[in-house]
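# Coordinate analysis (summary)
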Amino acid sequence: MAFHIIDGTTVSTVIYSMCVTGVCTALGGYVPVKSGGVSFAVQQEGTTTNLVPPQFQNVNLQANTKNSFVVGSIDTTTDAVLFQDDDVPAANLVKVRFADVSNNVPTMPVWIVPTGTTPSGNPTISGVRVGSASSYLTIPPNTYDIYLAGLNCGFDPNCDVVTATLSANQNVTVYLLFEDNGSRALILPAN
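To start, this report covers the structure provided alongside it. Quick caveat: nothing in here was measured; it's all calculated off a predicted structure.

Helix and strand counts for the protein come out as zero helices and 15 strands. By residue count, 38% of the 191 residues in the protein fall in the buried class. Relative to all contacts within the protein whose residues are 6 or more apart in sequence, the contacts with residues 24 or more apart total 58%. Roughly 9900 Å² of accessible area belongs to the protein as shown, and the carbon and sulfur atoms make up 51% of that amount.

What follows is the structure in structure tokens.
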């Protein structure tokens, strides 16, 4: 369990095992904050140590934007990435992007295909590097198999595929996160 603290106020408490597959809403929605300088802290239960790296403990945010702040373990250090989100949906379509925040996958190719379809040919998205996100891709609503090549998931031979039902008028980000000695995907809505 971890506590997320913004400008000295605890805004959420998260049990990470609550969100494993599909489009995850267990991590909470957006929290309104002032624009300009905002202080961030993440603390493990029972400690007061701020896990957010010093360079991200105070961040300037633009007014009238939505942002996702990802703090996680990369190898033996803690790192963070701030992404500005697009919360304006495309009418009757889905906007999806991919973010690599897992240092054990330095460049992530992605195939997104209707469920039951075998990916082939060039990836749908390629060249997503650690600490970056792709542009949003606009696709029809459907149930998709999302293949994230290059994952190192230990004993799970099917870890490189995530099945998700993506609904119309929804924007999502598929995050590749470092966890223990491998990686896993997490899908979060952006609107």
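There's plenty left to go through after this.
Right, let's get into the packing of aromatic side chains. To describe a pair of aromatic rings, you give the distance between the ring centres and the angle between the ring planes. For the structure shown, the criterion picks out three aromatic pairs. Measuring from ring centre to ring centre gives 6.1 Å for Phe 56 and Phe 69, while their planes differ by 50°; the resulting arrangement is tilted. Here Phe 56, found in the loop between strand E3 (36-44) and strand E4 (58-61), pairs with Phe 69, found in strand E5 (residues 66-74); they are 13 residues apart in sequence, far enough to count as distant. The class for Phe 69 is partly exposed, based on a relative accessible area of 22%. A ring pair is formed by Phe 83 and Tyr 175, whose centres lie 6.2 Å apart and whose planes are at 50°; its orientation type is tilted. Placement of Phe 83 in strand E6 (residues 77-85) and of Tyr 175 in strand E14 (residues 170-179) is noted, with a sequence separation of 92 residues between them.

On to the nonpolar core. Of all hydrophobic cores here, the largest spans 21 residues; its most connected members are Phe 98, Met 108, Ile 112, Ile 146, Leu 148, Leu 166 and Val 174. Those elements that place two or more of their residues in this core are strand E7 (94-101), strand E8 (107-114), strand E9 (125-129), strand E12 (142-148), strand E13 (161-166), E14 and strand E15 (182-189). What Phe 98 contacts, discounting residues up to four positions off in sequence, is Met 108, Val 110, Ile 112, Ile 125, Val 128, Ser 132, Ala 133, Ser 134, Ile 146, Leu 148 and Val 174.

Another aspect to go through is the sheet that holds E12. Reading across from one edge, E9-E8-E12-E13 is the order of the four strands in this open sheet, with antiparallel pairing throughout. Looking at strand neighbours, the two that pair on one side only are E9 and E13, the edges of this open sheet. Recorded for the sheet is a direction-independent mean angle of 30° between the axes of neighbouring strands. As defined by bridge partners, E8 adjoins E9 across three bridges and the pair is classed as antiparallel. When the sheet's bridge partners are listed, Met 108 is paired in E9 with Val 128.

Mapped onto the elements of the fold, Thr 165 is located in strand E13. Distance from Thr 165 to Thr 115, taken between C-alpha atoms, is 9.3 Å for residues 50 residues apart in sequence.

A contiguous nonpolar patch, built from Val 11, Val 31 and Val 33 and spanning about 180 Å² of accessible area, is present on the exposed surface. Looking at where Val 31 falls in the secondary structure, it is placed in the loop between strand E2 (9-14) and E3. Residue Val 31 is classed as partly exposed on the basis of its relative accessible area, which comes to 36%.

About the thresholds
Residues numbered from 1 in each chain as written. Predicted model: local features only at pLDDT ≥ 70, side-chain atom pairs only at ≥ 80, totals over all residues. Heavy atoms only, no water. Helix = DSSP H or I, 4+ residues; strand = E, 2+ residues; numbered from the N terminus. Buried < 20%, exposed > 50% of the residue type's maximum accessible area, 1.4 Å probe, protein only. Contact = heavy atoms within 4.5 Å. Areas by Shrake-Rupley, 256 points an atom, 1.4 Å probe, with all protein chains shown as cover. Phe/Tyr/Trp six-rings, centres within 6.5 Å; stacked < 30°, edge-to-face > 60°. Core = buried A, V, L, I, M, F, W, Y, C linked by side-chain atoms within 4.5 Å. Pairing = 2+ DSSP bridges. Axes fitted to C-alpha atoms, helices over the stretch in contact; angles between N-to-C directions. Patch = residues over 30% accessible without salt bridge, like charges linked within 9 Å, V, L, I, M, F, W, Y side chains within 5 Å. Salt bridge = Lys/Arg side-chain N within 4 Å of Asp/Glu carboxyl O.

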